[in-house]
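Below, each chain spelled out in residue letters.
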Amino acid sequence: MRFRRRRSRTPEIVNALHAVADGLRSGSSLRQAVLRAAGNNGSPLAPVATALIAGRPLVAALRDQAASRDRDDADLTSAFCVLAVHAEAGGDPLPAVRALARGIAQRAAARDEAKALTTQARLGARTILLLTPAFLLLVGAADPSGALSWLRDPRTRASLAAGLLLQSLGALWIGAIVGGVGHSTASWATRFPLVRALRAIVAGRPRPTIDGEVADTADTVAFALDAGLSGSAAVHAVAPYAPGAFGRAVRIAAADVRGPPHHALALEAERLTSPPAARFADAFAVSASLGVPLAPALRTLADDIRERRRMELAEDVRRASVRVLVPLGLIVLPAFVLACLVPLFIGGLEGIAG
């Protein structure tokens, strides 16, 4: 459901950014372009336009909307944050708006590709799980009296109950395997070590979420740098809207006023023990020591992370196709035998015996 919401929302964000770019190209100010783009039906900029009409400053309205978004609206949060930074810096926002729309569209295409990769595994699992219920429905439709006799006989009734119970367990197991592909989020129960160990054995170990958080934050900081902000100012501007555990680390580093931001970022990256977070901090350190541009390094980091995640997703899909064979052989097929074949066998023996 989260994927569907984000996929259906992304075209609206991209269209709104294109409308803002068209307004800027025609000579309108950023405020006028936002108001014009918000007039389209279903535009995600409509709340900003409402605040502007009520007299709210543009920067404050954009930042308020960025702060009100949840983690499922990472694209929309990034758009509001980038527009707010450019409105505050006063530079030309047109290149950034175009690049942001293109980047959001590319990320949406990558998510659609990830969904397509998992479709085959999901359909195969559903087909396997529908085998037993479909057979039982076929028997009930072909011979209702025979199906009722299964329910009256305690032996066939016990066999049916055991088969359906195993079928449910197999469905849960296969659902955990297939549902974990492409999703790096874990439930609250995985905070317990025993649950994490069992989940890793049964369904595989989930991918860490921090990689995607680093990529999204790196992209947004790069856009803030394009607006003319310094590295420390860009971190302070983006930190309140950075997602997840990495966002909390960036906010802690931004609040540290004892020295340059790359020192605090390095300490937080060491605490997180995440290679992408360490690369994020290293980019700031190299830029501060050598004077190299920081925005291209951050965009390269984001692209590398997303490319690696695509490769990991393809690997997870292949592993899931193999893992599904375990519950299929241990649970689903025995469930089919107990729920379908054993009652037929018992009924056949009774027919032979007269």
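Caption draft 1: Seen up close, the overall build of the protein. Secondary structure summary: the protein contains 17 helices and zero strands in total. When the 354 residues of the protein are sorted by exposure, 42% land in the buried category. Residue pairs at least 24 apart in sequence account for 67% of intrachain contacts in the protein once pairs closer than 6 positions are excluded. On the protein, roughly 18500 Å² of surface is accessible, and the fraction owed to carbon and sulfur atoms is 62%.

Caption draft 2: Here's a closer look at unusual backbone geometry. At T273, a residue that is not glycine, the phi angle is positive and equals roughly 50°. You can see T273 is positioned in the loop between helix 14 (261-272) and helix 15 (275-290). Taking relative accessible area as the criterion, T273 reaches 64% and is therefore assigned exposed.

Caption draft 3: Quick peek at the environment of T10. Relative to the helices and strands, T10 resides in helix 1 (residues 2-25). By relative accessible area, T10 is classed as buried at 3%. When the C-alpha positions of T10 and I104 are compared, they lie 7.4 Å apart, and in sequence the two are 94 residues distant. Apart from the residues within four sequence positions on either side, T10 is in contact with D75, I104, A108 and R111.

Caption draft 4: Geometry of the pattern of salt bridges. Tallied over the entire structure, the rule returns 12 salt bridges. When the shortest N-O distance is used, the salt bridge between D64 and R56 registers 2.8 Å. A salt bridge links R306 to D219; its shortest N-O distance comes to 2.6 Å. On the criterion of sequence distance, the pair formed by R306 in helix 16 (residues 294-323) and D219 in helix 11 (residues 210-226) is long-range, its members being 87 residues apart. Beyond isolated ion pairs, a larger network of salt bridges with shared partners links D211, R308 and E312.

Caption draft 5: Quick look at helix 2 (residues 30-38). Those residues of helix 2 not exposed but buried are L30, A33, V34, A37 and A38. Projected onto a plane normal to the axis of helix 2, the buried residues spread over an arc of 130° and lie on a single side.

Caption draft 6: A look at the packing of aromatic side chains. Applying the stated criterion to the full structure yields three aromatic pairs. Summarising the aromatic geometry, the rings of F246 and F280 are spaced 5.1 Å apart at their centres and angled 90° between planes, so their arrangement reads as edge-to-face. Of this pair, F246 sits in helix 13 (residues 244-255) while F280 is found in helix 15, placing the two residues 34 residues apart along the sequence. Take F246 and F280: they sit in the same class, and that class is buried. When the centroid spacing of 5.2 Å and the interplanar angle of 50° are considered together, the rings of F280 and F284 count as tilted. Note that F280 and F284 are positioned in helix 15 at a spacing of four residues, about one turn of the helix. When sorted by exposure, F280 lands in the same class as F284, which is buried. Following the ring pairs from residue to residue traces out a cluster consisting of F246, F280 and F284. R299 extends its terminal NZ or CZ atom over the ring of F223, reaching a point 5.0 Å from the ring centre.

Caption draft 7: Broad picture of the packing of helix 15 against helix 16. In contact at an axis separation of 9 Å, helix 15 and helix 16 are set at 165° when each is read in the N-to-C sense. Classified by the angle their axes make, helix 15 and helix 16 are roughly antiparallel. The way helix 15 lies across helix 16 gives a crossing that is right-handed. Contacts between helix 15 and helix 16 involve P276, R279, F280, A283, F284 and S287 on the former and, on the latter, L294, A297, L298, L301, D304, I305 and R308. The class makeup of the residues in the contact of helix 15 with helix 16 is nine nonpolar, one polar and three charged.

Caption draft 8: Geometry of the nonpolar core. Core analysis: the largest hydrophobic core is formed by 71 residues, its most contacted members being L17, L45, F280 and L298. If you look at the next biggest cluster of nonpolar residues, it comprises 11 residues, including A125, L129, I174 and V324.

Caption draft 9: Looking closely at the packing of helix 11 against helix 16. Taken N-terminus to C-terminus, the directions of helix 11 and helix 16 make an angle of 155°; their axes are 8 Å apart at the nearest point. By the criterion of interaxial angle, the relationship of helix 11 to helix 16 is roughly antiparallel. For helix 11 against helix 16, the interelement crossing comes out left-handed. Touching D211, G212, V214, A215, D216, A218, D219, V221, A222, F223, L225 and D226 of helix 11 are L294, A295, L298, R299, L301, A302, I305, R306, R308 and R309, all from helix 16. Residues that form the contact of helix 11 with helix 16 fall into these classes: 13 nonpolar, one polar and eight charged.

Caption draft 10: Examining helix 11 more closely. Taking 1.5 Å per residue, 17 residues should reach 24 Å; helix 11 reaches 24 Å between its end C-alpha atoms and fits that length. In terms of burial, helix 11 is a largely internal element, 15 of the 17 residues being buried. Following helix 11 by one or two positions, G228 has its phi on the positive side, about 105°.

About the thresholds
Sequence order as written defines the numbering, with residues in each chain counted from 1. Predicted model: local features are reported for residues with pLDDT of at least 70 only, side-chain atom pairs are reported and counted for 80 or more only, and whole-chain, interface and lining totals are derived from all residues. Excluded from the side-chain calculations are hydrogens and water; all other atoms, namely the structure's heavy atoms, are used. We count a stretch as a helix when DSSP gives it H or I for four or more residues in a row; a strand needs E for two or more, and each element gets its number in order from the N terminus. With a 1.4 Å probe rolled over the protein chains alone, any residue whose accessible area is under 20% of its type maximum counts as buried; one over 50% counts as exposed, and the rest are partly exposed. Two residues qualify as a contact provided that any one of their heavy atoms is within 4.5 Å of a heavy atom in the partner residue. Using the Shrake-Rupley algorithm and a 1.4 Å probe, accessible areas are obtained, with residue cover drawn only from the displayed protein chains. Whenever Lys or Arg places a side-chain nitrogen within 4 Å of a carboxyl oxygen from Asp or Glu, that contact is recorded as a salt bridge. The arc in question is the one spanned by the directions pointing from the helix axis to the C-beta atoms. To pair, rings of Phe, Tyr and Trp, with the six-membered ring standing in for Trp, must have centres within 6.5 Å; the planes then decide the type, stacked if under 30 degrees apart, edge-to-face if over 60, and tilted in the middle. Two conditions define a charge sitting above a ring: the NZ of Lys or the CZ of Arg must be within 6 Å of the ring centre, and it must be within 35 degrees of the ring normal. A fitted line through C-alpha atoms serves as each axis, taken over the contacting stretch for helices, and the angle formed by two N-to-C directions is quoted from 0 to 180°. Any angle from 65 to 115 degrees is called roughly perpendicular, while one under 35 is roughly parallel, one over 145 is roughly antiparallel, and all others are oblique. Helix crossings get a hand from a simple test, with the near helix turned counterclockwise from the far one by less than a right angle marking a left-handed crossing and a clockwise turn marking a right-handed one. Nonpolar residues are Ala, Val, Leu, Ile, Met, Phe, Trp, Tyr, Cys and Pro. Charged residues are Asp, Glu, Lys and Arg, and all others, Gly as well, are polar. For the purposes of this section, nonpolar cores are sets of buried Ala, Val, Leu, Ile, Met, Phe, Trp, Tyr and Cys residues that join through side-chain atoms within 4.5 Å. An expected span of 1.5 Å times one less than the residue number is assigned to each helix.

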